[in-house]
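One letter stands for each residue in the lines below.
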Amino acid sequence: MSIFTAPVLNYSLLAPILIVLAGAVLGVMIEAFASKAIRPVAQLSLTLGTLILAIAQVWRIRHQSSLTAAMGSVAIDGAAILMQGAVLVIAILGVLLIADQEQFTVLAAAVPGSEEERESLESGQKLTEVYPLTLFAVAGMLVFPVSNDLISLFVALEMLSLPLYLMAGLSRRRRLLSQEAALKYFLLGAFSSAFFLFGAAYLYGYSGSVSLAGIRDSVVGGSGNDVFFLIGIAFLSIGLLFKVGAVPFHAWTPDVYQGAPTPVTAFMAAATKVAAFGAMLRIFYTAFANAYWDWRPLMTVIAIITMLFGSFVAIAQRDIKRMLAYSSIAHAGFLLAGVIALNKAGLDASIFYLFAYGIATVGAFAIVTLVRDSTGEVTDLKRWAGLGKRSPFAASLFATFLLAFAGIPLTSGFIGKFSIFSAAYESGNKAIVVVGVLSSAIAAYFYIRVIVLMFFTDPADDGTSVVIPSMLTRITVIAAFIITIFLGVFPAPLLNFITSLAYFIR
Amino acid sequence: MNWLTTLMALPLVGALVISVLPKSNALAAKRAAFATTLIVAGATITMAVQFQRDNVEIQFVESRSWIPSFGIKYALGIDGIALVLILLSVLLAPIVVLAGWNESSGGRWSAKTFYILLLVLETMIVGVFSATDVFLFYVFFEAMLVPVYFLIGGFGTGERSAAAVKFLLYSLFGGLLMLASIIALYVLSGEQIGHTFDLAALSHLTMDSTTENFLFLGFFIAFAIKAPLWPLHTWLPDAAASATPGTSVLLLGVLDKVGTFGMIRYCMTLFPHATKTFTPMIIVLALISIIYGAFLAIGQKDLKRLIAFTSISHFGFITLGIFSMTSQGQSGATLYMFNHGFSTAALFLIGGWMMSRRGSSKIADFGGLQRVTPVMAWTFFIAGMSSLALPGLSSFVSEFLVLVGTYTRYPVAAVIGTFGIVLAALYILIPVQRALHGPVTPGNEGLSDLNMRERIAIAPVLAIIIALGFYPSPLLNVINPAAAHTIAQSGFTDPVSQIDAKAGK
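Source: prediction; values computed, not measured.

What counts, and at which threshold
- Residues numbered from 1 in each chain as written.
- Chains lettered and ligands numbered in written order.
- Predicted model: local features only at pLDDT ≥ 70, side-chain atom pairs only at ≥ 80, totals over all residues.
- Heavy atoms only, no water.
- Buried < 20%, exposed > 50% of the residue type's maximum accessible area, 1.4 Å probe, protein only.
- Helix = DSSP H or I, 4+ residues; strand = E, 2+ residues; numbered from the N terminus.
- Pairing = 2+ DSSP bridges.
- Axes fitted to C-alpha atoms, helices over the stretch in contact; angles between N-to-C directions.
- Parallel < 35°, antiparallel > 145°, perpendicular 65-115°, else oblique.
- Left-handed = near helix turned anticlockwise from the far one by under 90°.
- Contact = heavy atoms within 4.5 Å.
- Nonpolar A, V, L, I, M, F, W, Y, C, P; charged D, E, K, R; others polar.
- Core = buried A, V, L, I, M, F, W, Y, C linked by side-chain atoms within 4.5 Å.
- Buried area = accessible area lost by both parts, 1.4 Å probe.
- Salt bridge = Lys/Arg side-chain N within 4 Å of Asp/Glu carboxyl O.

Q: Could you give me a rundown of the pairing of strand S2 (residues 72–78) of chain B, with the residues and numbers involved?
A: Regular strands have side chains that alternate between both faces of the sheet. All names here are of chain B. Within S2, six of the seven residues are buried, leaving the element largely enclosed by the surrounding structure. In terms of strand pairing, strand S1 (residues 59–67) meets S2 through six bridges, oriented antiparallel. Bridge pairing links Arg64 to Tyr74 in S2.

In structure tokens, the structure reads:
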């Protein structure tokens, strides 16, 4: 008879994760027991409170590090703290957008176009289960970049993905498109999870261990079957590359970005990237670092294809959300350059880039939620013509976010681009720098095209207008704008903070 | 006193003041913009007086840490070449505001926006000429594009948005190539002397010739797009034809000088060996630009495009002077930049008044202006003469210096370049004859002559053109030491005279 030993948990270091999970569970309780009238306010304040409390906890433990916080399956270190902080900041901005209930269906279970749906809309109810779902996803995103073994990586992956599949299908308008997006996301996500597990199994077969440290030891020791190792890396990477939306595993991105309710797209596009790249950086910088000869050439090719593909295909898009989706693919390529760099500068640069890109993404999608006509959001690019005339303020902010994506100096995007390319160059990978620079030039074209459309094209008279943003959306947009410009002009404080903290413990 | 930072801050303060003025009051915005540019010009002249002419070191130095993790500094400082270009920019700014008093009214946005963009641009122009940190230079170099883009696209005429996009994409493409080179410099500096972007420190890097050649090209292509050199010039005629005359003055007169300035300051200082390698090719490109620009100018029917193509020819001369690698050629090229700024300004501004009065930019629509509007015709005539480098006008001195400087090292190139002067006579005299002389073309009878504001605006331009034609030494005294220093720093020496001194006895 085996004796059950209680695991030793360092609650202090796990506090951010536990707080978010507790908040999520409480949210489910509210959903079950609170009256419908108070739910929206209660859920929103609970969610925001939870996230702010979690950020405070992250700040409190920022100088601590431990491999044994959860029996070796979680590594809390400077890099982990930075990723968790970035996820939480983005999540707060995202939740402020999600609070705009106009975007969500009231009864997700109702068949589109049915009597039931109509009734639920007329009842004026609000959909509030999106809040606990968000918190569960955030919890998964907090665990993903700190996971130190393959099992917790997989659990975190599922924890962040499952709520997102659901949230993608909650759109109030164009519900079929939204549900199709959710189904696509789920099916392809399930595939990628399977690939991930498959790879994990092979890695276990290779090293006899599921911990990243164990795999690293086997790589360094050179013991084990190399074929297993290569298969393991390949399939594990496919799972991760799917999540970050790299070519050729990007197919879900445009459909899901377009179909999901825009606040969810904002949150998902920004936060998932941080979490997935966080995990990827940890895996490649710790477990696989010494085998870089095995994976670097192929990853370089993937990064190059991803940059070029994303930039080229974005040019042909006619829908603003799809365009931003392809732009996010291109940015995934730039970020991969940071992973491949495999040096300290690359780690610092990737974290800075993730944060800067995440904030600008939330800001850009927040503006998208504001451009509407009588039937709802307008995402057809043609109808954005002349936006700068009708609402110069919103158009100028959107232009700023686009310039940040394009990497124009004095925006955060430029510092990010410079730091990530210089890290790649430092690692000797000149090809990626040249292609990156060229695809930036291509990408600039479609960002500028939108600016031309907004400012230099006469408005078509079709009732598109910008709604007066709610206070919460306004906070998101303005905060994102200020951060984007501030990081472009005075990046030194954040860069120094990242440089001093960004280390992986092994 | 932090002169350069002050010069950069003043236009920004002006822009802030304008931004709080009411939108309906365009006149207040114009007055505020004019006052600001005058104050900046005054401050610059005060600074220029304190400049030590014989000191070849960088002066008015400021240095503050900006992004320490990358070794980036907010570092400013100017030598004679930069001083002359800053003077050119800040002197042209008030003239542009005064001359284009009504330019801002035909745009998509209010006059307020026009002047805010203009002043922000002025800040960046001062920054781009005075940065001594390569990263800071790049930031201004790229950020500058944004206000120009909106000035062309928002206030221009005709196909303005297409022209603005073409301008922006060309410039961004060049800029990104330069970014790749800058990244490489940054990494190299990290390996050799610790991460830095300090221009002086970077010029001591050692690199193998392949690397140096590639990095040189990254910078050079960016600059050759800016100061359009054949075959990278195609954006310029479109942009110049679509922008308002005032914007065109700033674009051709000042912004494009960033390209030629960059060739001197960055290409030559950072990559002396590659400069040597590529000099023959660049001289060929410069010659093609001179001849090609001149021929296309002769064939133009549109006044704005004509001026744009003459500029391409002139930029060929400037590039020729720079890469002649003689101190005379360099001095001549720098003086050329200054003079070209003023003669282009005169052509564009007077041409702009002609076009706005006639409502057409076709040369054929003018004719007999001398009888109807004598002052306008005569000022345009002087501007044209300055553009073809008539002796006694400022451009003559610089063109002469460039050709002499080139001849001492590349006699064949100098001879070919001289053909450019002959062609210049054609491309200026033909339109002058068509537009100013002959019988009055129907539709021109009622044109009004220059009013008092326009006369006040153009008078200083013509005064400078004539004064520097007779007495260029105030500027040359500032330019010569800096030019000689740049040549010496890149490891060149002036060719010794081949004439036997005793033979004459």
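Next comes the rest of the account.
Q: Please set out the packing of helix H3 (residues 78–98) of chain A against helix H5 (residues 130–143) of chain A residue by residue, giving values where relevant.
A: All names here are of chain A. At a minimum axis distance of 10 Å, the contact between H3 and H5 shows a crossing angle of 165°. In terms of axis orientation, H3 runs roughly antiparallel to H5. The crossing of H3 and H5 is right-handed. Across from Gln84, Val87, Leu88, Ala91, Val95 and Ile98 in H3, the residues of H5 making contact are Val130, Tyr131, Thr134, Val138, Met141 and Leu142. Looking at the contact of H3 with H5 residue by residue, the class counts come to ten nonpolar, two polar and no charged.

Q: Please give an account of the environment of A:Gly278 that cites residues and values.
A: Residue and element names in this part refer to chain A. Within the secondary structure, Gly278 sits in helix H11 (residues 262–287). Given the relative accessible area of 1%, Gly278 is considered buried. Residue contacts for Gly278: discarding those within four places in its chain leaves Met83, Pro145 and Lys273.

Q: Can you break down the nonpolar core residue by residue, with the values?
A: Nonpolar side chains in soluble globular proteins tend to be buried together. One finds A:Phe144, A:Phe288, A:Phe398, B:Phe135, B:Tyr149 and B:Phe219 to be the most contacted residues of the largest nonpolar core, which totals 377 residues. Sequence-distant contacts of B:Phe219, that is, excluding residues within four places in its chain, are made with B:Val134, B:Met178, B:Ser181, B:Ile182, B:Leu185, B:Tyr266, B:Cys267, B:Leu270 and B:Phe271.

Q: Got a sec to walk through the packing of helix H12 (residues 292–315) of chain A against helix H18 (residues 430–456) of chain A? Specific residues and values, please.
A: The geometry of a pair of packed helices is captured by two quantities: the angle between their axes and the separation between those axes. Residues and elements named next belong to chain A. At a minimum axis distance of 8 Å, the contact between H12 and H18 shows a crossing angle of 15°. Between H12 and H18, the interaxial angle falls into the category roughly parallel. Regarding H12 and H18, the two cross each other, and that crossing is left-handed. Judged by residue contacts, Thr300, Ala303, Ile304, Met307, Leu308, Ser311, Phe312, Ala314 and Ile315 of H12 engage Ile432, Val435, Gly436, Ser439, Ile442, Ala443, Tyr445, Phe446 and Arg449 from H18. Within the contact of H12 with H18, the residues separate by chemical class into 13 nonpolar, four polar and one charged.

Q: Lay out the interface of chain A and chain B with the relevant residues and their values.
A: The partner chain B presents 35 residues to the 33 residues of chain A that form the contact. Of the roughly 3100 Å² buried between chain A and chain B on both sides combined, carbon and sulfur atoms contribute 81%. For chain A, the biggest contributors to the area lost against chain B are A:Phe418, A:Tyr425 and A:Phe456; these three give 24% of the whole. Linking chain A with chain B are zero salt bridges, by the criterion used here. At the level of elements, helix H17 (412–426), H18, helix H19 (471–489) and helix H20 (492–501) of chain A are the ones that each hand at least two residues to the side of chain A that touches chain B. Of the residues that constitute the side of chain A that touches chain B, the class distribution is 23 nonpolar, seven polar and three charged.

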